[in-house]
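Coordinate inspection notes
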Amino acid sequence: MKIFRVVSHKRTLLGFKRSFSTEPELKDFLNYLDNLKNYEKCGVPKDAGTDSSHGFDLGRMNRLMDRLGNPQTGFKAVHIAGTKGKGSTAAFLANILRTEGYAVGCYTSPHVRTIRERISLGKLGEPVSAKALNCLFHRIKPILDEAVALENGRLSHFEILTAMAFKLFAQENVDVAVIEAGLGGARDATNIISSSGLAAAVITTIGEEHLAALGGSLESIAMAKSGIIKQGCPVRWFSLHIYITALWILKKLDLDYAMNPTLGFALLVLGGPFLPHIEHIFLDKASSMCSPVVSASGPGNRSAVKGVSKSNGKPFQSCDIVIEVERDFKLFIELFDVKLQMLGTHQLQNAATATCVALCLRDKGWRISDESIHAGLEHAYLLGRSQFLTSTVAETLGLPGATIMLDGAHTKESAKALVDTIQMTFPEARLALIVAMASDKDHMAFAREFLSGGQLEAVFLTEVNIAGAKSRTTSASMLRDCWIQASKELGINTLHDGMEEYQKLFENQSFCSAGESKHKTILAAENSLLVSLRVGNQILRARTRDQTSIIVITGSLHIVSTVLSSLLG
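Residues numbered from 1 in each chain as written. Predicted model: local features only at pLDDT ≥ 70, side-chain atom pairs only at ≥ 80, totals over all residues. Heavy atoms only, no water.

The chain has the name Dihydrofolate synthetase in an unreviewed UniProt entry, where Vitis vinifera is given as its organism. Per UniProt, the chain carries the Sequence similarities (unreviewed entry) text "Belongs to the folylpolyglutamate synthase family." (UniProt positions renumbered as here; feature names shortened; annotations may be inferred.)

A tally of helices and strands in the chain yields 18 helices and 18 strands. A total of 569 residues make up the chain; the buried ones form 57% of that total. Put simply, of all contacts in the chain between residues at least 6 apart along the chain, 77% involve residues at least 24 apart. (Helix = DSSP H or I, 4+ residues; strand = E, 2+ residues; numbered from the N terminus. Buried < 20%, exposed > 50% of the residue type's maximum accessible area, 1.4 Å probe, protein only. Contact = heavy atoms within 4.5 Å.)

One finds Phe 29 and Phe 169 to be the most contacted residues of the largest nonpolar core, which totals 69 residues. Sorting elements by how many residues they give to this core places helix H6 (residues 157–171) first, with nine residues. The contact partners of Phe 169, leaving out residues within four places of it in the chain, are Phe 75, Gly 105, Cys 106, Tyr 107, Ile 119, Ser 120, Leu 121, Val 174 and Ala 177. Formed by 47 residues, the second largest nonpolar core is a distinct cluster that contains Leu 93, Ile 96, Leu 348 and Ala 352. (Core = buried A, V, L, I, M, F, W, Y, C linked by side-chain atoms within 4.5 Å.)

Turning to the pattern of salt bridges, a few remarks are in order. By the definition in use, this model includes 24 salt bridges. Between Glu 159 and Arg 60 there is a salt bridge; the shortest N-O distance is 3.1 Å. Taken together, the residues span a long stretch of sequence, with Glu 159 in helix H6 and Arg 60 in helix H3 (residues 58–67) at a distance of 99 residues. As a salt-bridge pair, Lys 141 and Asp 145 come within 2.9 Å of each other at their nearest N and O atoms. With Lys 141 and Asp 145 both in helix H5 (residues 130–150) and four residues apart, the pair spans about one turn of that helix. The network of salt bridges with shared partners includes Asp 57, Arg 63, Arg 67 and Glu 151. (Salt bridge = Lys/Arg side-chain N within 4 Å of Asp/Glu carboxyl O.)

With that settled, consider the sheet that holds strand E14 (residues 430–435). The seven strands are arranged E12-E13-E18-E14-E15-E17-E16 in an open sheet whose pairing can be described as mixed. Unpaired on one side and paired on the other, strand E12 (387–388) and strand E16 (494–495) mark the two borders of the sheet. Sheet topology note: the E12/strand E13 (residues 404–406) ladder contains two bridges and is antiparallel. By the bridge assignment for E13, Gln 387 is matched with Leu 406. Where helix H18 (residues 557–566) meets the sheet, it contacts E12, E13, E14 and strand E18 (549–554), and its direction lies at approximately 110° from that of E18. (Pairing = 2+ DSSP bridges. Axes fitted to C-alpha atoms, helices over the stretch in contact; angles between N-to-C directions.)

All right, on to the sheet that holds strand E1 (residues 76–81) then. In any sheet, the strands associate via hydrogen bonds between backbone groups, in a parallel or an antiparallel arrangement. The mixed open sheet is built from eight strands, whose spatial order is E4-E3-E2-E5-E1-E6-E7-E8. The open sheet terminates on both sides in strands that have one partner only, identified here as strand E4 (126–127) and strand E8 (293–295). As paired elements, strand E3 (residues 119–121) and E4 share two bridges and run antiparallel to each other. From the neighbouring strand, Ser 120 faces E4, where its bridge partner is Pro 127. Lying on the sheet, helix H10 (residues 345–363) is in contact with E1, strand E6 (198–203), strand E7 (267–270) and E8; it crosses E7 at an angle near 155°.

Burial analysis of strand E17 (residues 521–525) places four of its five residues in the buried class, the great majority of the element. The sheet contact formed by strand E15 (residues 456–461) and E17 spans four bridges and is parallel. Across the sheet, the residue bridging to Leu 461 is Ala 525, located in E17. The pairing of E16 with E17 spans two bridges and is classified as parallel.

Laid out in structure tokens, this is it:
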């Protein structure tokens with residue numbers, strides 16, 4: 001029997017279940033996708049992302065694109081892979097290019113509120129309209145049906161969606177597409193862009209996520225992601241100087257190359273920082289492909305967060321971004337007082353990586369001003385990345401006065417980045433965590449980062465569907481057991497339901513009682529996300545009084561999606 005007692009609230013938030021009722025126009029399309037294999041729901045098979053006999057069949061994707069007329073040949077692309085930071089780097093770069101006036105297509109995953117978020121189009125960067133997506137689906141459905149049949153039903157949800165994104169980009173005649181890889185790189189469905197169509201390949205970071213699917217080690221993960229590196233110029237130094245001279249002549253002749261770049265070669269931009277042996281994997285692959293390399297984390301990157309402030313009630317970080325590259329390319333920019341809406345030093349690194357890509361494109365002849373880079377970085381924003389809900393939304397959730405933060409962190413590295421961001425933004429804040437995670441994540445490593453770095457009053461371990469299904473959901477009790485074990489390993493005192501002291505605490509609702517229990521972090525398993533939020537808020541209010549306190553909802557973009565989607569109902 002549950003011992004949590006919460007005050008009822010007049011609004012029921014659909015039980016925090018995602019609803020597509022606001023987009024009835026997409027019903028047929030979404031039903032079609034639901035009948036395809038969806039690895040976001042069921043998990044990725046072992047070694048599926050490796051460039052091996054066990055890897056995804058990229059030939060299947062190429063055959064599908066052939067049937068659709070190979071739309072991926074109709075635009076230039078920047079291809080972004082990496083363990084973390086792909087989506088944010090894509091958002092920064094797409095905004096820079098839009099600010100300059102380019103028509104940009106952007107393809108990312110997963111989505112938070114609507115599947116339309118994965119595909120943005122044009123100079124404003126809005127998600128593709130339901131009407132445009134629906135019209136394209138019905139127009140090409142006979143081709144998709146034929147392809148699915150010829151491939152014996154093996155075409156996946158992601159492959160179909162990727163093909164449709166590329167078809168839309170070609171149809172809308174975008175100047176450039178910024179494309180985030182889904183898993184790995186070499187065998188990812190997005191990796192069908194030819195060398196001639198690739199303006200730049202970008203690898204952001206390498207970490208221990210999707211280990212089984214990507215070969216089991218950091219080295220195998222790096223090898224898989226290096227698969228997006230394409231053939232560059234045949235002789236690096238000599239050809240590079242000829243190329244730069246050719247650009248100088250074009251500019252002197254006042255030829256309008258910049259808005260329709262076709263001359264060039266595929267280059268590699270590394271985000272990082274990387275372990276030396278991991279970086280060497282990328283450098284060796286780039287060398288074998290004669291692809292020039294630019295590092296966004298080299299000694300020439302002298303970027304720093306200067307401070308955190310608020311504008312219209314929302315925090316932003318003020319940053320200086322200074323990049324100077326001497327090798328292969330001579331790149332230089334100084335941007336002062338850049339107000340980033342996405343918080344944390346990891347987001348500053350993502351912004352620096354996107355800036356390096358923009359500088360490389362400019363060096364290749366694209367018209368991109370310093371002012372557009374500055375403004376584009378400031379306008380970039382993504383749901384579920386250090387996102388603070390407004391006071392109105394907090395009241396809608398039945399939590400008036402609460403400060404609520406959403407972040408999709410789900411790895412050891414992203415947990416540390418989130419802890420560091422909270423400490424930088426609210427150094428004295430006490431926290432109540434609401435955590436739900438997928439089954440294929442490292443729950444122990446995630447817990448250790450928060451237990452050793454956060455000022456935790458309570459942690460509620462809860463459950464949400466992953467990509468609309470329960471097959472990858474981790475039970476609240478299993479998560480609680482991981483956090484208990486992690487706290488014991490770290491020597492941190494906690495209260496949990498295996499302790500008599502915990503039972504008394506909740507029976508009496510005496511969260512601020514004097515004594516030892518006041519200084520122990522409460523660990524609770526609760527299946528209901530709504531109950532977790534309400535009780536977590538009660539604990540914070542009772543224990544912190546006038547201190548700054550924050551409810552942090554994290555562990556997956558799917559828990560973020562569940563909360564935000566419920567607010568649409």
